Amino acid sequence: MAALQQTPISLQSKTPPPPLSSSLTARSTAVSFSSTFTPLNLKLAAAASSSTSLRRGGGGARMNATAASSYAAALADVAVSNNTLETTVADVEKLEKFFGEPSVFDFFVNPTISLEKKRGVLDDIAKSAALQPHTVNFLNILVDAKRIDLIKDIVAEFETVYNKITDTELAIVSSVVKLESQHLAQIAKQVQKLTGSKNVRIKSEIDPSLVAGFTVRYGNSGSKLIDMSVKKQLEEIAAQLDLGDIKLNL
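What you are looking at is a predicted structure, and each value in this text was computed from that prediction instead of being measured.

(A) Up close: empty space enclosed by the protein. Counting across every chain of the model gives two cavities of 30 Å³ or more. A volume near 60 Å³ is recorded for the largest cavity. If you trace the largest cavity, you find it lined by Val89, Val92, Glu93, Glu96, Val155, Phe158, Glu159, Arg201 and Lys203. For the lining of the largest cavity, the secondary-structure elements that each account for two or more residues are α3 (85-99), α7 (151-166) and β2 (199-206).

Dropping the structure here:
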């Protein structure tokens, strides 16, 4: 791989959401809904209606993916209409962290827990994470439609929609230790040169199995890989030392 350029480009920082202010216990407080059903809310309601129809029609995982795509597109439409796309993607990143916690996800998909209790916890999440009103409304629609189980798929689909709207290439950087911002900037610059994208978003992951160095996945569903890890180098050395490839001169 060509050497990384030394000129850094700015990266959008990610601010992790604060912890929940209370445990996931029964709450009676419900998030209030606006009595005015605006055109923006209609988009979300239409996605909910479409999801319900898909469930009735059956189809399993494929139908769930279609429903998640519809919800993500509806949320993106709301964000674009409100001129809040960047703050909405920040909200979605917070939701990814919240619902990535098994206890939080299990609570919301548990059918024995009432909608009122789930709305109460949503209220806690909304306040502690300072979510935008339309994001909170979106979550409540998912709860009411009993489609909160799709939240992880919706997050992934929303990222895809966002990247298309903004001509952004997503690069997932895996390393043994957290890389410095200037190193991530250099990686982003290289990915931008390789893809010709207007913007590059970096997601960092820790992977101790790499031993040292880093890997970068980008392209459609991470189909392209830049592997600068010691693990790869060790695998190449091991392959070269494979006894099956050794020829003895007798």
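(B) Quick look at the layout of surface pockets. Put simply, the second largest pocket is a space of about 410 Å³. Lining the second largest pocket are 15 residues, with Thr160, Asn163, Gly219, Asn220 and Ser221 positioned closest to its centre. Looking at which element gives the most residues to the lining of the second largest pocket, the answer is α7, with five residues. When the residues that make up the lining of the second largest pocket are grouped by side-chain class, the tally is four nonpolar, seven polar and four charged.

(C) Quick look at the pairing of strand β4 (residues 224-227). Here strand β3 (residues 214-218) runs beside β4; their pairing, made up of four bridges, is antiparallel. Looking at β4, one finds that threonine 215 is bridged to aspartate 227.

(D) Quick peek at the packing of α3 against α7. Following both chains from N to C, one finds α3 and α7 inclined at 155 degrees, their axes separated by 10 Å at the closest point. Taken together, α3 and α7 sit at an angle that is classed as roughly antiparallel. Here α3 runs over α7; the crossing is left-handed. Note on element contacts: α7 touches α3 through Ile151, Lys152, Val155, Phe158, Tyr162, Ile165 and Thr166, opposite Leu85, Glu86, Thr88, Val89, Val92, Glu96 and Phe99. Counted by class, the contact of α3 with α7 contains nine nonpolar, two polar and three charged residues.

(E) Representation of the pairing of strand β1 (residues 168-175) within the structure. Of all eight residues in β1, seven are buried; the element is thus mostly enclosed. Direction of pairing for β1 relative to β2: parallel, over a ladder of eight bridges. From the neighbouring strand, serine 174 faces β2, where its bridge partner is glutamate 205. The β-α-β motif built from β1, the intervening helix α8 (residues 181-195) and the parallel element β2 has right-handed crossover chirality.

(F) Representation of unusual backbone geometry in the model. At aspartate 167, a residue that is not glycine, the phi angle is positive and equals roughly 50 degrees. Locating aspartate 167 in the fold gives a position in the loop between α7 and β1. Look at valine 211: it is not a glycine, yet its phi comes out positive at around 70 degrees. When you line up the elements, valine 211 lands in the loop between β2 and β3. According to the relative accessible area criterion, valine 211 is partly exposed, its value standing at 49%.

Rules and cut-offs
- Residues numbered from 1 in each chain as written.
- Predicted model: local features only at pLDDT ≥ 70, side-chain atom pairs only at ≥ 80, totals over all residues.
- Heavy atoms only, no water.
- 1 Å grid on protein atoms, 1.4 Å probe; cavity = no way out; pocket = protein on both sides within 12 Å on 5 of 7 lines; lining within 4 Å.
- Points joined across faces, edges and corners; volume = space filled by probe spheres on them.
- Helix = DSSP H or I, 4+ residues; strand = E, 2+ residues; numbered from the N terminus.
- Nonpolar A, V, L, I, M, F, W, Y, C, P; charged D, E, K, R; others polar.
- Pairing = 2+ DSSP bridges.
- Axes fitted to C-alpha atoms, helices over the stretch in contact; angles between N-to-C directions.
- Parallel < 35°, antiparallel > 145°, perpendicular 65-115°, else oblique.
- Left-handed = near helix turned anticlockwise from the far one by under 90°.
- Contact = heavy atoms within 4.5 Å.
- Buried < 20%, exposed > 50% of the residue type's maximum accessible area, 1.4 Å probe, protein only.
- Right-handed = clockwise from strand over helix to strand, strands pointing away.

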